[in-house]
Protein chains: 2
Amino acid sequence: MLKYQKIAMDLEDYIEDNSLVRGDKLPILDDLMKEFEVSKSTITKALEILEVKGTIYQVRGSGIFVRGHRRKGYINLLSNQGFRQSLREFKVTSDLLELAVINPTKEAAHNLSIEMDEEVYYVKRLRKIQGQPLCVEESYFKKSVVAYLNEQIVSESIFKYLSEGLNLKIGFSDLFFHVGKLKKEEAEYLDLKENDPGLYKETIFHLANGEAFDFSKIIYNYEQSQFYIQANNYLP
Amino acid sequence: MLKYQKIAMDLEDYIEDNSLVRGDKLPILDDLMKEFEVSKSTITKALEILEVKGTIYQVRGSGIFVRGHRRKGYINLLSNQGFRQSLREFKVTSDLLELAVINPTKEAAHNLSIEMDEEVYYVKRLRKIQGQPLCVEESYFKKSVVAYLNEQIVSESIFKYLSEGLNLKIGFSDLFFHVGKLKKEEAEYLDLKENDPGLYKETIFHLANGEAFDFSKIIYNYEQSQFYIQANNYLP
């Protein structure tokens, strides 16, 4: 982790520890530099990250303010930190349904830009919130990037293992989603009825060098899930 | 519009005009500076915007690449430019259902942080794609910020009027959504059946100074809508 990324996380803790809410003003730059014992360029970069992330907003000539408009129980769609961060007030667990090395489905091969005879790790998990089914997730990891997974790793945070264990640099992701009616098998996993509503999400995760390495399909239980996004408008 | 924002848009046109697709490399910085006749700091800022927006990605020591993973017919959830940009291959129209100055609902007052006796413009529109109902939208604009609206303005692009006509600086927005079953009246607008799935989205739009000025509620027709987000991962 780079210095300014660390400081960005420390700043988030600072906001939480001081119970700062929407519209609250942060200390001025000089004071933040002293508080965190870093240079002006480091604190500026950290603040830029938090602005993009939607944690703060800066008003020219006026100061730096807390945005923090999180609603409890809402999942941050743009966060890569999994559900644990968004849903930290709740008990989130995973049931492992399947873990295997396979050849990809046609859809997975297409989205990962690989041939159908290349190997992938296939992981199917049922996520639960307070014991209730939250979503079913199927993931396809390119084995050429993620050479090894086991039951314990996939029961915990896979992304933590990827970044800390394998030292992979995660880059960007493309999300696609739509709403539809659940098929019978999907409904059974989620404790719902056939034709009940479902949110279907596909994500393609890329390394910082642009290589797609994980294709993930999630179906959310509409009774247990709500989402939020903190967006910035960069273009007029 | 600031110079670098203009150049960012020109760069998007350049990518489109040259039919560049995912993984294609852009010219090096020096050549881009010459091509667009701007300074290094302007082109760098323009590229930063496009990186945040998900149009490009930069690989250190390797170059600048096109991300462009848009799927046709998908709505960009993070775009402020309305549907016209995302759905430019399709004919998108609006039926105006209601335009009135009213006192806000309790929900709208709460989300706009105003009193219930303050006036708002209420706009209800049915959006159509190729003649089919795409979504029903209800918007509440603070009258203290948006002093005047008429039928012609709300039949066209309200946000274009706000930024170009009223010269408002749009800042950031908070999006919340969930999936549910349509009520009878909602289903009728969308040509669907009661209890069919619906995507319910709420957005709070803010000015650059942090003031909330527009609270919008949209219900999407699940048969006509799909969404995408190009995300960046700034924090580990």
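Draft legend 1. Region of interest: the interface of chain A and chain B. Between chain A and chain B, the contact holds 56 residues from the first and 56 residues from the second. Taken together, chain A and chain B are joined by six salt bridges. Close ionic contact of Arg67 of chain B with Asp174 of chain A constitutes a salt bridge, the shortest N to O distance being 2.7 Å. Seen at the junction of chain A and chain B, the total is 14 residue pairs in polar contact (both at pLDDT 80 or more). Elements represented by at least two residues in the side of chain A that touches chain B include exactly helix H1 (3-17), helix H3 (40-53), strand S1 (56-59), strand S7 (170-181), strand S8 (197-207) and strand S10 (227-232) of chain A.

Draft legend 2. Expanded view of the packing of aromatic side chains. The full count for this structure, using the stated rule, is 22 aromatic pairs over all chains. Centroid distance Phe172 of chain A to Tyr57 of chain B: 4.8 Å. Interplanar angle 40°. Geometry classified as tilted. On the criterion of chain membership, the pair formed by Phe172 of chain A in strand S7 and Tyr57 of chain B in strand S1 (residues 56-59) is interchain, its members lying in two chains. No difference in accessibility class separates Phe172 of chain A from Tyr57 of chain B, as the two residues are buried. Through pairs of rings, three or more aromatic residues link up here, namely Phe177, Tyr220 and Phe227 of chain A together with Phe177, Tyr220 and Phe227 of chain B.

Draft legend 3. Representation of the environment of Ser94 of chain B. Residue and element names in this part refer to chain B. In this structure, Ser94 sits in strand S4 (residues 92-102). Judged by its relative accessible area of 26%, Ser94 falls in the partly exposed class. Sequence-wise, Ser94 and Val154 are 60 residues apart; in three dimensions their C-alpha atoms are separated by 8.9 Å. Of note is the side chain of Ser94, whose polar atom sits 3.3 Å from the side chain of Arg127.

Conventions we followed
- Residues numbered from 1 in each chain as written.
- Chains lettered and ligands numbered in written order.
- Predicted model: local features only at pLDDT ≥ 70, side-chain atom pairs only at ≥ 80, totals over all residues.
- Heavy atoms only, no water.
- Contact = heavy atoms within 4.5 Å.
- Salt bridge = Lys/Arg side-chain N within 4 Å of Asp/Glu carboxyl O.
- Polar contact = N/O pair within 3.5 Å; in protein donor to acceptor, adjacent residues only side chain to side chain.
- Helix = DSSP H or I, 4+ residues; strand = E, 2+ residues; numbered from the N terminus.
- Phe/Tyr/Trp six-rings, centres within 6.5 Å; stacked < 30°, edge-to-face > 60°.
- Buried < 20%, exposed > 50% of the residue type's maximum accessible area, 1.4 Å probe, protein only.

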